[in-house]
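# Summary of the model geometry
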Amino acid sequence: MIKRLLGLILGVFFMAPYAISQEANLETASYSLEQQNDSLYVLTLTTDSITDHWRIEYPVYRFCVGDVDGDGSEDALVGVVKSTRYFPEEGNRIFIFKNFRGWIRPLWMGSKLGGILDDFRFVDGKIRSLERTTDGKYVVAEYRWAHFGMSFEQFLVKNVDQQTALDIFEKNN
């Protein structure tokens, strides 16, 4: 009896996030990004029943959508230009937002990937980055979601000139 009760409690506890995720996926949802002024953008999530807004108070250099965390629901990827506590020089960063029951919620507010981020794309379930190294060379890398942030997957090319990196970065886009 106690084992069954414990099993039922654990089953409900561990299945609750799955049920929430599936419930959120039943509605049609789409993201859009609108520029209000030089450094204020508004991310909007529209579902069948709710419209939610999130203010982004940094310049934006890239916006795309894709299922970053593999839960079947599209996430919004917003490239912003900002400094961080540990990287005080302004640079390109990635913010990822989630659809949580029709409300926009941050999934990851990335401070840094690997090198100096120039640009990114969402390709085949991965974030593809175009990065510079401190010695002026370029790399193209891919990252995958790993529970609480991005995890390095592979280099597509490294230690090349900018044009070679751009050619590979834009492939399969």
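Residues numbered from 1 in each chain as written. Predicted model: local features only at pLDDT ≥ 70, side-chain atom pairs only at ≥ 80, totals over all residues. Heavy atoms only, no water.

Helix and strand counts for the protein come out as two helices and 11 strands. Starting at the N terminus and ending at the C terminus, the protein contains elements arranged as α-β-β-β-β-β-β-β-β-β-β-β-α. Counted over contacts in the protein with a minimum sequence separation of 6, partners at least 24 positions apart contribute 36%. When the accessible surface of the protein is summed, it comes to about 10500 Å², and 54% of that surface belongs to carbon and sulfur atoms. (Helix = DSSP H or I, 4+ residues; strand = E, 2+ residues; numbered from the N terminus. Contact = heavy atoms within 4.5 Å. Areas by Shrake-Rupley, 256 points an atom, 1.4 Å probe, with all protein chains shown as cover.)

It is the rolling of a water-molecule-sized probe over the atoms that shows where space remains empty. A full pass over the atoms with the stated rule returns one cavity of 30 Å³ or more. For the largest cavity, the calculated volume is near 40 Å³. For the lining of the largest cavity, the element with the most residues is strand S6 (residues 91–100), which contributes three residues. Residues of the lining of the largest cavity, tallied by class, amount to four nonpolar, three polar and two charged. (1 Å grid on protein atoms, 1.4 Å probe; cavity = no way out; pocket = protein on both sides within 12 Å on 5 of 7 lines; lining within 4 Å. Points joined across faces, edges and corners; volume = space filled by probe spheres on them. Nonpolar A, V, L, I, M, F, W, Y, C, P; charged D, E, K, R; others polar.)

Time to look at the sheet that holds strand S4 (residues 60–66). The strand order S4-S5-S6-S7 describes an open sheet built from four strands, whose pairing is antiparallel. Each edge of the open sheet is held by one strand with a lone partner, namely S4 and strand S7 (103–109). Taken over all neighbouring pairs, the strand axes of this sheet differ in orientation by 25 degrees on average, direction set aside. Note that S4 and strand S5 (residues 75–82) share six bridges and pair antiparallel. (Pairing = 2+ DSSP bridges. Axes fitted to C-alpha atoms, helices over the stretch in contact; angles between N-to-C directions.)

Most of strand S2 (residues 40–47) is tucked away: seven of the eight residues are buried. Two elements, strand S1 (residues 29–37) and S2, share eight bridges in a ladder whose sense is antiparallel. Pairing of Gln35 across the sheet is with Tyr41, part of S2. If you look at the hairpin formed by S1 and S2, you'll find two residues sitting between the two strands. (Buried < 20%, exposed > 50% of the residue type's maximum accessible area, 1.4 Å probe, protein only.)

The nonpolar side chains of soluble globular proteins are, as a tendency, buried together. Counting residues in each nonpolar core, the largest one holds 15 residues, and the members touching the most others are Val68, Leu77, Ile94, Ile96, Ile127 and Met150. Residue assignment for this core shows that the elements contributing at least two residues are S6, S7, strand S8 (116–123) and strand S10 (138–145). Apart from residues no more than four positions distant in its own chain, Val68 is found in contact with Asp75, Leu77, Ile96, Phe122, Trp145 and Met150. (Core = buried A, V, L, I, M, F, W, Y, C linked by side-chain atoms within 4.5 Å.)

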